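A look at the structure
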Amino acid sequence: MRGILDKYESKGLKIVVYLFNLILYNFVQIISPYNLYLNPNLVVKQYQIWRLVTNFLYFRKMDLDFLFHMFFLARYCKLLEENSFRGRTADFFFMLLFGSTVLTTIVLVGGMIPYVSESFAKIIFLSNSLTFMMVYVWSKQNPYIHMSFLGLFTFTAAYLPWVLLGFSVLVGASAWVDLLGMIAGHAYYFLEDVYPKMTGRRPLKTPLFIKTLFADETVVVARPAEVRFAAPPVEEIRR
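So, here is what we can say about the structure in this document. (Residues numbered from 1 in each chain as written. Predicted model: local features only at pLDDT ≥ 70, side-chain atom pairs only at ≥ 80, totals over all residues. Heavy atoms only, no water.)

Our next topic: the overall build of the protein. Tallying secondary structure elements over the protein gives 12 helices and 2 strands in all. Relative to its full complement of 239 residues, the protein shows a buried share of 37%. Sequence-distant contacts, at least 24 apart, represent 64% of the contacts inside the protein between residues at least 6 apart. Here the protein has roughly 14,900 Å² of accessible surface; of this, 65% comes from carbon and sulfur atoms. (Helix = DSSP H or I, 4+ residues; strand = E, 2+ residues; numbered from the N terminus. Buried < 20%, exposed > 50% of the residue type's maximum accessible area, 1.4 Å probe, protein only. Contact = heavy atoms within 4.5 Å. Areas by Shrake-Rupley, 256 points an atom, 1.4 Å probe, with all protein chains shown as cover.)

Another point: a nonpolar patch on the surface. Together, L64, L67, L170 and V171 line one region of the surface with nonpolar side chains, adding up to about 380 Å² of accessible area. Taking relative accessible area as the criterion, L67 reaches 43% and is therefore assigned partly exposed. (Patch = residues over 30% accessible without salt bridge, like charges linked within 9 Å, V, L, I, M, F, W, Y side chains within 5 Å. Salt bridge = Lys/Arg side-chain N within 4 Å of Asp/Glu carboxyl O.)

Looking now at the pairing of strand 2 (residues 153-156). Relative to strand 2, strand 1 (residues 146-149) runs antiparallel, the two sharing 4 bridges. What sits directly across from H146, in strand 2, is T156. Hairpin connection from strand 1 to strand 2: 3 residues lie between these consecutive antiparallel strands, with L150 at a positive phi of about 55°. (Pairing = 2+ DSSP bridges.)

Secondary-structure assignment places K140 in helix 8 (residues 127-141). K140 gets classed as partly exposed once you look at its relative accessible area, which sits at 28%. Put simply, K140 and Y189 are 49 residues apart on the chain and 7.3 Å apart in space, counted from C-alpha to C-alpha.

This part covers the packing of helix 8 against helix 9 (residues 160-170). At their nearest, the axes of helix 8 and helix 9 sit 9 Å apart, and the two run at 145° to each other. On the side of helix 8, the interface is formed by F132, V135, Y136, W138 and S139, while helix 9 contributes L160, P161, L164 and L165. Residues belonging to the contact of helix 8 with helix 9 are distributed by class as follows: 8 nonpolar, 1 polar and no charged. (Axes fitted to C-alpha atoms, helices over the stretch in contact; angles between N-to-C directions. Nonpolar A, V, L, I, M, F, W, Y, C, P; charged D, E, K, R; others polar.)

The next subject is unusual backbone geometry. Leaving glycine out, the prevailing phi sign among residues is negative, and the prevailing peptide bond configuration is trans. Despite not being glycine, Y47 has its phi angle at roughly 55°, a positive value. Relative to the helices and strands, Y47 is located in the loop between helix 3 (40-45) and helix 4 (51-54). For Y47, a relative accessible area of 65% corresponds to the exposed category.

We now examine the packing of aromatic side chains. The way to describe two aromatic rings as a pair is by their centre distance and the angle between their planes. Within this structure, the stated rule accounts for 4 aromatic pairs. Considering the side-chain rings of F98 and Y188, the 6.0 Å spacing of their centres and the 55° angle between planes classify their relative orientation as tilted. With a gap of 90 residues between them, F98 in helix 6 (residues 89-110) and Y188 in helix 10 (residues 175-199) connect regions that are remote in the sequence. Each member of the pair, F98 together with Y188, is buried. Summarising the aromatic geometry, the rings of F153 and F155 are spaced 5.7 Å apart at their centres and angled 45° between planes, so their arrangement reads as tilted. For F153, a relative accessible area of 38% puts it in the partly exposed group. Over the face of the ring belonging to Y37 we find R51, whose NZ or CZ atom lies 4.9 Å from the ring centre. (Phe/Tyr/Trp six-rings, centres within 6.5 Å; stacked < 30°, edge-to-face > 60°. Lys NZ or Arg CZ within 6 Å of the ring centre and 35° of its normal.)

What follows deals with the side chain of T131. Its location among the elements puts T131 in helix 8. Here S127 takes part through its backbone oxygen, which lies 3.0 Å from a polar atom of the side chain of T131. (Polar contact = N/O pair within 3.5 Å; in protein donor to acceptor, adjacent residues only side chain to side chain.)

The next thing to look at is the environment of L79. If you trace the backbone, L79 turns up in helix 5 (residues 64-82). With 56 residues separating them along the chain, L79 and V135 place their C-alpha atoms 9.7 Å apart. Apart from the residues within four sequence positions on either side, L79 is in contact with S84 and W138.

Moving on, we come to the pattern of salt bridges. By the definition in use, this model includes 3 salt bridges. Between D91 and R88 there is a salt bridge whose closest N-O contact spans 2.7 Å. The salt bridge involving R88 is made with E192; its shortest N-O contact spans 4.0 Å. Of the two residues, R88 sits in the loop between helix 5 and helix 6 while E192 sits in helix 10, which places them 104 residues apart along the sequence. Residue R88 is classed as partly exposed on the basis of its relative accessible area, which comes to 25%. Among the residues examined, E192 registers a relative accessible area of 12% and is labelled buried. Sharing partners across several salt bridges, the network here consists of R88, D91, E192 and R202.

Everything listed here is a matter of coordinates, which is why it stays silent on function.
Written out as structure tokens, the structure reads:
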């Protein structure tokens, strides 16, 4: 059974589950968006803690920007799972948890700064930013891959976030949303890939309690005292 699950996880099962939740929230409208958006006052004063999570599950209206972010989610999330994080589901989850925490902190702190508080107050859903963070992390880990944007021009993956940021601005989306994703992505990339090579220390080591939630790590089981194993064949002993 575990082998079957591993097979489907390598195909991006978690992406399918995430997309299913997005469709459920966006189109079926079982839950109103007013119960999902990030509101610091409601979180602190009315203890609506779920808003810290649900604001990452809603992509607002279905438009061109929405379709592109869905493409980013399906493609680059899958590429990260199948390459950089293959067999490391706990680390992948911790990356998303770290990114969500950074994004939420930036919005909450930015809302208290006088000159930019109005801009941050308009950011009530961080799903696009989290998606863009994954694009940024993938581009930094694969900087030399050649890409093409709509067949118009080619570039290397290192410039992918900036190309997509420019496209988002052209279609009328807020640049702040993608910039936040780039900030969170760069913070993760620096602490996970650059800083350890500089100092030999890894500050973003996945906590043990998170690893216990996933079966990617090798599990060592103690052998009961009354259980005995057969001796190896003579041929193997001679080798």
